[in-house]
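Spelled out from the first residue to the last, the chains are:
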Amino acid sequence: MNVKLGLDTFGDVTVDPDGTKLSHAEVLRNVVDEIVLADQVGVDAFGVGEHHRDDFAVSAPDVVLAAAASRTERIILGTAVTVLSSDDPIRVYERFATLDAISNGRAEVTLGRGSFTESFPLFGLDLGDYEVLFEEKLDLFAALRREDAVSWKGTTRPALEPTHVYPKTERGTLSTWIGVGGSPESVVRAARHGIPMMLAIIGGDPARFAPFADLYRRALAEFDSPELPIGVHSPGFVAATDAEAREQLFPHFKANRDRIGRERGWGPATREQFEAEADHGALFVGSSETVAHKIATTVETLGLSRFDLKYSNGTMPHEQLMDSIGRYGTEVIPRVRELLN
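Since the structure is predicted, the reported quantities are computational estimates derived from the model, not experimental observations.

Further remarks concern the pattern of salt bridges. Throughout the structure, instances matching the rule amount to 31 salt bridges. Where Arg 157 meets Asp 88, a salt bridge forms, and the shortest distance between an N and an O atom there is 3.0 Å. Highlighted residues: Arg 157 in the loop between β6 (150-152) and β7 (160-163) and Asp 88 in the loop between β4 (82-83) and α3 (89-102), separated in sequence by 69 residues. With a relative accessible area of 23%, Arg 157 lands in the partly exposed category. Owing to a relative accessible area of 25%, Asp 88 belongs among the partly exposed residues under this scheme. Across the salt bridge formed by Arg 189 and Glu 135, the nearest N and O atoms sit 2.9 Å from each other. You can see Arg 189 sitting in helix α6 (residues 184-192) and its partner Glu 135 sitting in helix α5 (residues 130-144), a full 54 residues away along the chain. Take Arg 189: its relative accessible area is 7%, and that puts it in the buried class. Each of Arg 53, Asp 54, Asp 55, Glu 118, Arg 259 and Glu 263 takes part in one network of salt bridges that share partners.

See the structure below:
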């Protein structure tokens with residue numbers, strides 16, 4: 001199977017080995033170094049998330065990726081995700097078409113609504129328009145991907161008369177995914193626009209998403225679209241042994257989940273929940289062999305063309321993240337390919 005294996009980060013604000021929180025500036029520089037290492041060890045793609053809150057350093061992924069483009073040679077540079085609902089589709093297309101040019105065709109963008117809502121009030125948008133903003137902006141972005149003169153009319157921005165957007169990409173379109181959290185409506189929307197689907201699986205057995213993969217393929221057929229890639233984004237961490245990986249990850253996993261939980265009304269994360277996710281759920285944590293087997297199983301079960309490991313985990317130090325990236329590229333990826341062939 002010709003599956004691409006990538007890494008994702010949200011630019012989580014990390015701590016140094018002594019537990020001191022790093023500045024946003026230090027985290028951003030570290031993220032670029034992490035992308036450079038991923039390129040060197042053979043990772044296929046790298047996605048950078050967009051957030052507008054104090055526990056994540058990346059609010060402008062395209063700028064981070066442009067810095068990485070100048071220091072890398074082969075790795076695909078994308079997002080995880082771009083919050084299209086609170087951005088302008090034309091500006092997004094322009095920025096990533098520019099990134100595609102300076103990286104020699106290595107840019108991609110994953111469009112989504114994001115799992116946080118801080119960008120809406122920040123940019124003067126009404127959360128009551130949550131659905132219509134994404135639907136209309138995605139419709140416009142899909143039209144822009146044809147790189148022809150675009151005419152468009154909606155309710156969220158002035159209408160466009162036949163208009164060209166620049167720069168044009170050398171391949172004639174921008175590589176694009178739609179991030180899907182798991183609702184049937186989102187799956188069908190991705191198929192209707194003819195854009196590959198990236199499933200965010202952050203909890204529970206990945207196999208439970210098989211009906212969504214099947215729905216996407218059926219919907220593509222109904223829309224007379226060709227078969228398109230399906231990808232998965234899931235959290236994880238790789239270390240020398242299963243025990244070491246779990247011990248290193250758990251305190252950062254818990255701190256991150258508990259902070260978000262306080263905002264959303266969840267109870268504190270327990271060690272039992274963590275172990276259950278590691279054993280049977282969407283947490284890809286362990287030795288290279290363990291993580292490779294779990295990825296290969298997920299790829300086969302869902303029929304994936306892409307798997308991205310969200311390797312950043314809350315405050316986990318940069319040094320541990322770099323070690324995980326190195327193992328993922330040099331040990332996990334080759335082993336996954338062996339298991340799938």
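There is more to say, and it comes next.
Once that is clear, we can look at the packing of α3 against α5. It is the contact of α3 with α5, at a shortest axis distance of 9 Å, that shows an interaxial angle of 40°. Comparing their axes, α5 and α3 come out oblique. In this structure, the crossing between α3 and α5 has a hand that is right-handed. Between α3 and α5, the residues in contact are Pro 89, Ile 90, Val 92 and Tyr 93 and Lys 137, Leu 140, Phe 141 and Leu 144, respectively. For the contact of α3 with α5, the per-class residue count stands at seven nonpolar, no polar and one charged.

Neither face of strand β2 (residues 45-48) is exposed, since Ala 45 and Gly 47 on one face and Phe 46 and Val 48 on the opposite face are all buried. Alignment of strand β1 (residues 4-9) against β2, held across four bridges, turns out to be parallel. Bridging across to β2, Thr 9 finds its partner in Val 48. For the segment spanning β1, helix α1 (residues 24-40) and β2, crossover handedness is right-handed. Pairing analysis gives four bridges linking β2 to strand β3 (residues 76-79), with the strands arranged parallel. In the sheet register, Val 48 faces β3, and the bridge partner there is Thr 79.

What follows deals with the environment of Glu 161. Position of Glu 161 among the secondary structure elements: in strand β7. Judged by relative accessible area, Glu 161 falls into the exposed class, the value being 58%. With residues near it in sequence (within four places) discarded, Glu 161 still touches Val 150 and Ser 151.

Interaxial distance between α6 and helix α7 (residues 210-222) falls to 9 Å at its minimum, and their mutual angle equals 35°. Regarding α6 and α7, the two cross each other, and that crossing is right-handed. Here α6 contributes Pro 184, Val 187, Val 188, Ala 190 and Ala 191 to the contact with α7, which in turn contributes Phe 212, Leu 215, Tyr 216, Ala 219 and Leu 220.

This paragraph deals with the side chain of Asp 87. If you trace the backbone, Asp 87 turns up in the loop between β4 and α3. Residue classification places Asp 87 among the buried positions, given a relative accessible area of 18%. One polar contact links Asp 87 to Arg 95, side chain to side chain, over a distance of 2.7 Å. When sequence neighbours within four positions are dropped, the list of residues in contact with Asp 87 reads Val 92, Arg 95 and Lys 137.

Attention shifts here to the packing of aromatic side chains. Geometrically, a pair of aromatic rings is defined through the distance of the ring centres and the angle of the planes. Under the criterion given, the structure shown has nine aromatic pairs. Aromatic pair Phe 10 and Phe 56: ring centres 5.9 Å apart, planes at 80°, arrangement edge-to-face. Of this pair, Phe 10 sits in the loop between β1 and α1 while Phe 56 sits in the loop between β2 and α2 (61-69); the two residues are 46 residues apart in sequence, bridging distant segments of the chain. Here Phe 10 falls in the buried class, since its relative accessible area comes to 15%.

This paragraph deals with α2. Listed as buried for α2 are Pro 61, Asp 62, Val 64, Leu 65, Ala 68 and Ala 69. Down the axis of α2, the buried side of the element spans an arc of 160°, and every buried residue falls inside it.

A word on unusual backbone geometry. Cis rather than trans, the peptide bond between Ala 80 and Val 81 has omega equal to 10°. Inspection of the secondary structure assignment puts Val 81 in the loop between β3 and β4. The omega angle of the peptide bond from Tyr 166 to Pro 167 is 5°, so this bond is cis rather than trans. Inspection of the secondary structure puts Pro 167 in the loop between β7 and β8 (175-180). Of note, the phi angle at Asn 104 is positive, near 60°, even though the residue is not glycine.

On to the side chain of His 318. In this structure, His 318 sits in helix α11 (residues 318-340). Relative accessible area serves as the criterion here: at 12%, His 318 is assigned to the buried category. Not counting chain neighbours up to four residues away, the residues in contact with His 318 comprise Val 15, Asn 30, Asp 33 and Glu 34.

Reading the values: rules and limits
- The numbers attached to residues start from 1 for each chain and follow its sequence in the written order.
- A pLDDT threshold of at least 70 governs which residues receive local features in this predicted model, and a stricter bar of 80 or more applies before side-chain atom pairs are shown or counted, although totals over entire chains, interfaces and linings include all residues.
- Side-chain numbers here rest on the full set of heavy atoms in the structure, without hydrogens or water.
- Salt bridges are identified by distance alone: a Lys or Arg side-chain nitrogen within 4 Å of an Asp or Glu carboxyl oxygen.
- Under the DSSP-based scheme used, a helix requires at least four consecutive residues in state H or I and a strand at least two consecutive residues in state E, with every element numbered from the N terminus.
- Under the scheme applied here, a residue whose accessible area is under 20% of the maximum for its type counts as buried, over 50% as exposed, and between as partly exposed, the area being computed with a 1.4 Å probe on protein chains only.
- Each axis is a line fitted through C-alpha atoms, taken for helices only over the stretch in contact, and angles between the N-to-C directions span 0 to 180 degrees.
- Here the word oblique covers every angle except those under 35 degrees (roughly parallel), over 145 (roughly antiparallel) and from 65 to 115 (roughly perpendicular).
- Note on convention: the crossing is left-handed when the near helix lies turned anticlockwise from the far helix by less than a right angle, right-handed when the turn is clockwise.
- Throughout, a residue-residue contact means that at least one pair of heavy atoms, one from each residue, lies within 4.5 Å.
- We call Asp, Glu, Lys and Arg charged. Ala, Val, Leu, Ile, Met, Phe, Trp, Tyr, Cys and Pro are nonpolar, and the rest, Gly among them, are polar.
- Pairing between two strands is assigned when DSSP locates at least 2 bridges connecting them.
- Whether a crossover is right-handed depends on one test, that the path from the first strand over the helix to the second runs clockwise when the strands point away from the viewer.
- Pairs of N or O atoms within 3.5 Å make up the polar contacts considered here, provided that, within protein, one atom can donate a hydrogen while the other can accept it, and that residues adjacent in sequence are counted only when both atoms are side-chain atoms.
- Pairing of aromatic rings covers Phe, Tyr and Trp, the last through its six-membered ring, and needs centres within 6.5 Å; plane angles under 30 degrees mean stacked, over 60 mean edge-to-face, and all others mean tilted.
- An arc is given here, and it is the one of the directions from the helix axis to the C-beta atoms.

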